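So you can see what is in the structure, the chains are spelled out below.
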Amino acid sequence: MALIVQKFGGTSVGSIERIEQVAEKVKKHREAGDDLVVVLSAMSGETNRLIDLAKQITDQPVPRELDVIVSTGEQVTIALLTMALIKRGVPAVSYTGNQVRILTDSSHNKARILQIDDQKIRADLKEGRVVVVAGFQGVDEHGSITTLGRGGSDTTGVALAAALKADECQIYTDVDGVYTTDPRVVPQARRLEKITFEEMLEMASLGSKVLQIRSVEFAGKYNVPLRVLHSFKEGPGTLITIDEEESMEQPIISGIAFNRDEAKLTIRGVPDTPGVAFKILGPISASNIEVDMIVQNVAHDNTTDFTFTVHRNEYESAKGVLENTAREIGAREVIGDTKIAKVSIVGVGMRSHAGVASRMFEALAKESINIQMISTSEIKVSVVIEEKYLELAVRALHTAFELDAPVRQGE
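Below is a short write-up of the structure. (Residues numbered from 1 in each chain as written. Predicted model: local features only at pLDDT ≥ 70, side-chain atom pairs only at ≥ 80, totals over all residues. Heavy atoms only, no water.)

Section: the overall build of the chain
Part 1: Counting secondary structure elements, the chain contains 13 helices and 18 strands.
Part 2: The C-alpha radius of gyration of the chain comes to 24 Å, within 12% of the 22 Å expected for a compact globule of 411 residues.
Part 3: When its C-alpha atoms are laid out on the principal axes, the chain stretches across 80 × 60 × 30 Å.
Part 4: In the chain, buried positions account for 49% of the 411 residues.
Part 5: Sequence-distant contacts in the chain: of pairs separated by 6 or more residues, those separated by 24 or more amount to 74%.
Part 6: If you sum the accessible surface of the chain, you get close to 20000 Å²; carbon and sulfur atoms cover 48% of it.
Part 7: When the 46 positive and 58 negative side-chain charges of the chain are each reduced to one mean point, those points stand 3 Å apart. (Helix = DSSP H or I, 4+ residues; strand = E, 2+ residues; numbered from the N terminus. Rg over C-alpha atoms; globule rule 2.2 N^0.38 Å. Buried < 20%, exposed > 50% of the residue type's maximum accessible area, 1.4 Å probe, protein only. Contact = heavy atoms within 4.5 Å. Areas by Shrake-Rupley, 256 points an atom, 1.4 Å probe, with all protein chains shown as cover. Lys, Arg positive; Asp, Glu negative; His and termini not counted. Charge placed at Lys NZ, Arg CZ, Asp CG, Glu CD.)

A look at the packing of aromatic side chains
Part 1: Summed over all chains, the structure comprises 3 aromatic pairs.
Part 2: An angle of 10 degrees between the planes, with centres 4.5 Å apart, marks the rings of F8 and Y172 as stacked. On the criterion of sequence distance, the pair formed by F8 in strand β1 (residues 3-8) and Y172 in strand β9 (residues 168-173) is long-range, its members being 164 residues apart. The exposure classification of F8 matches that of Y172, with both residues buried. (Phe/Tyr/Trp six-rings, centres within 6.5 Å; stacked < 30°, edge-to-face > 60°.)

Here's the deal with the sheet that holds strand β2 (residues 35-40)
Part 1: Spatial ordering of the open sheet is given by β3-β6-β2-β1-β9-β11-β12-β10, a layout of 8 strands whose pairing is mixed. The open sheet has two edge strands with one neighbour each: β3 (92-95) and β10 (194-196). Adjacent strand axes in the sheet meet at a mean angle of 20 degrees, parallel and antiparallel pairs treated alike.
Part 2: Where β9 and strand β11 (residues 226-230) come together, 5 bridges link them in parallel fashion. Bridge pairing links C169 to L226 in β11. (Pairing = 2+ DSSP bridges. Axes fitted to C-alpha atoms, helices over the stretch in contact; angles between N-to-C directions.)

Okay, structure coming up:
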């Protein structure tokens, strides 16, 4: 008998029909002898609907009251699923984050979990019940409802699995696992049987939308085995684990991530003096704009060109800040480009293989794709290229690193 935490996202519980399907899946697992804790999101689109209601009252809802209203979405789904389970003869009980006592800090709309009281859940499991818990929410020391931010239900699932020392945390979603890259771009992309926390963290931060970064961080910290599965299709999914199995068959690269939502800014003719990087990036940081890749080039006339990338949604704000900075420090000009994309190769195999970056650059050169910026870490290499070459670049790299799935006979 195993203790499993299962988390179902908004699309998985998006209608009564789908909630009934989830109940059938949970029932099968329970009949197989597993102890189950099920974590649910709100119905797909429900959180946005609730936020919209709040904004019809005021453009800037008080964060504490916004948490009160958006937390009701999960309360609906946990009650409905529990009813569906009881109807099927499966003993079950539902709890909100407050009832379980998922204790968080008081950062409304983006709270962090501090502690989970697992006694109530353990008592119910011992009595043979399936425990259904509202994801995305908790309570602070003052008794106020808090929410964990977008994708917080994944974090709830992982945190509960850690607190209960579960054998596995299963994240059910609308894909059947983690792929070498997006199958919509590369039809030959393969589902990975296993990937490390480290690789998944890089993939998530670089544009892969399968799992929230915070949930992967949490799982890695507490060594909770994570498995990504399809809500309504049977299959083994992808296991995310701490293990790095050394074998001759282990690929150098596990996957290729990409992000279209990039923009690039360059401030030219900056006086090359100590502290200039802070003078440029300090105001950007103070404006709560996140910077990704950075390149600095020193010219012959003792000036420097400083280039960095930001999320495309923050391009105009960042450009305005940078233009003010340029006037203050006597820089020549500010230029920008919103038609770029970032492509990254990720794999723990890089640690033991030389020449990975050059192989990447060679594959792009063969397609006449110019590299504008480069960033590396121990297990990833990222490049910025023109957006129009993004899909060509991903396909070329997928083939160059031998990630393409073999074509089956008859296909």
